[in-house]
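Commentary on secondary and tertiary structure
Letter by letter, the chains look like this.
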Amino acid sequence: MKRQRIFSFRGRRKCLLLSLGGIALLSQLPGCSAAVAGEPKQTTSQETGAAGMTPTSGEDTAKTAGADAQQERTQTGQAKQKKVPDYVLSYADNQTGNYPTVQAARRFAEQVNKETDGRIEIRVYPNAELGDEVSTVQQLTFGGIDFCRCSLSNLSDYSEEAIVLQMPYLYADQEHMWRVLDGDIGAQVKQSFRGSGMLALTWFDAGVRNFYTTDREIRSLEDMQGLKIRVQQSALAEDMVEALGAEAVPIVYEAVKDALRTGEIDGAENNWASYEAMEHDEIARNYTVDEHMRVPELMLVSSATWEQLSPDDQATIQRCADAAGLYERELWTAREASAREKCLREGTVEIVLPEREKKRFRDAVSPLYKKYCGDYAELIDKINEIRD
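Presented here is a report on the structure given in the accompanying data block. These numbers were taken from a predicted model, which means no experiment stands behind them.

1. Some remarks on the packing of helix H5 (residues 174–181) against helix H14 (residues 377–387)
Packing of H5 against H14 brings their axes to within 9 Å, and their N-to-C directions diverge by 130°. When the interaxial angle is binned, H5 and H14 end up oblique. Regarding H5 and H14, the two cross each other, and that crossing is right-handed. Contacts between H5 and H14 involve His-176, Arg-179 and Val-180 from the former and Ile-383, Ile-386 and Arg-387 from the latter.

See below:
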């Protein structure tokens, strides 16, 4: 019988060190863990390949199949959500992101996307990102922009009838204006844009325009004399201000605040919401309510874009535009009231012209009706009939 060899302590220590070193070395190799003999290696799903898969029960197989099916459904849903649209269209507005017309534009874009199952995507660009109103309308006519919102005051070059609806002191009040726009006269004016490179989809409210100044208060017609008043880039707006005895200074909307601050102009004219949104109330504290103009606005679409769409898509867009127009009216009413309250609370002085003084303003601009509406006197008569 062979005699068992007994290691000395020094030999045992050397063996132990060699064993531990080997284990450490193995732990660094791919696929090897640092587990020591006697401790079962924990196998993860990443480490288990097809060849080395542990046999499973029928219940486990069913669970796996169910999980795979759920994952496939999730991936399919994500693929649908990421569906590439057939059309990606642009919509321009020069107002701020929280302005009623921009909010209505976003609602319009969302609804079109929903009703076309994602085939038509409309991207809204506020804050004059694509240019001021005059520029965006020009781009619209040749298809550089697909949709835009524009004041009627910047559209007179594209429709002769458009000038009629923005004449000074034309409407008795807001209700009178909507009776005109929602009726045959409004439809006639929208139709007049055909052939101009654009189509009119729906009306937007823009409130009533009033004068506001930095220093001199306007309480009578005499107070208008010699003031430098900013106006839109519109011949009618210029003539109106000059007929009232002031000097008209055409300046783009985005530059009015700086012009007020530097003294380039003494005042401007606009609605409560714009006055507050552009922070003109911080500089021009005197706001005179004379209600000289109610200039509605239009949502417009490029003819080049419209002609690419199917009749069904055109009908969808028109339906969504009509809904957006009604939504904007609701937003406008609330926004105008809140803007007025905020401005008055923060120091704006509201001056409401009495009716007798307002009549003097109205009489001063009456010659403009003959100059601008000579060929449309019948249309003016119809609007006055609706007033009564």
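2. Quick word on H5
Residues spaced three or four apart along an α-helix face the same direction, because each turn holds 3.6 residues. Of the residues making up H5, those classed as buried are His-176, Met-177, Trp-178, Val-180 and Leu-181. Regarding H5, its N-cap is Asp-173, as a side-chain oxygen of that residue lies 3.3 Å from the backbone nitrogen of Glu-175 further along.

3. What to know about the pattern of salt bridges
Applying the stated rule across the entire model yields 24 salt bridges. Residue Glu-297 is joined to Arg-149 by a salt bridge in which the shortest nitrogen-to-oxygen separation is 3.3 Å. Here Arg-149 lies in strand E3 (residues 147–151) and Glu-297 lies in strand E10 (residues 297–302), a separation of 148 residues in the sequence. Grouping residues by exposure puts Glu-297 and Arg-149 together as buried.

Cut-off values and rules
- Residues numbered from 1 in each chain as written.
- Predicted model: local features only at pLDDT ≥ 70, side-chain atom pairs only at ≥ 80, totals over all residues.
- Heavy atoms only, no water.
- Axes fitted to C-alpha atoms, helices over the stretch in contact; angles between N-to-C directions.
- Helix = DSSP H or I, 4+ residues; strand = E, 2+ residues; numbered from the N terminus.
- Parallel < 35°, antiparallel > 145°, perpendicular 65-115°, else oblique.
- Left-handed = near helix turned anticlockwise from the far one by under 90°.
- Contact = heavy atoms within 4.5 Å.
- Buried < 20%, exposed > 50% of the residue type's maximum accessible area, 1.4 Å probe, protein only.
- Polar contact = N/O pair within 3.5 Å; in protein donor to acceptor, adjacent residues only side chain to side chain.
- Salt bridge = Lys/Arg side-chain N within 4 Å of Asp/Glu carboxyl O.

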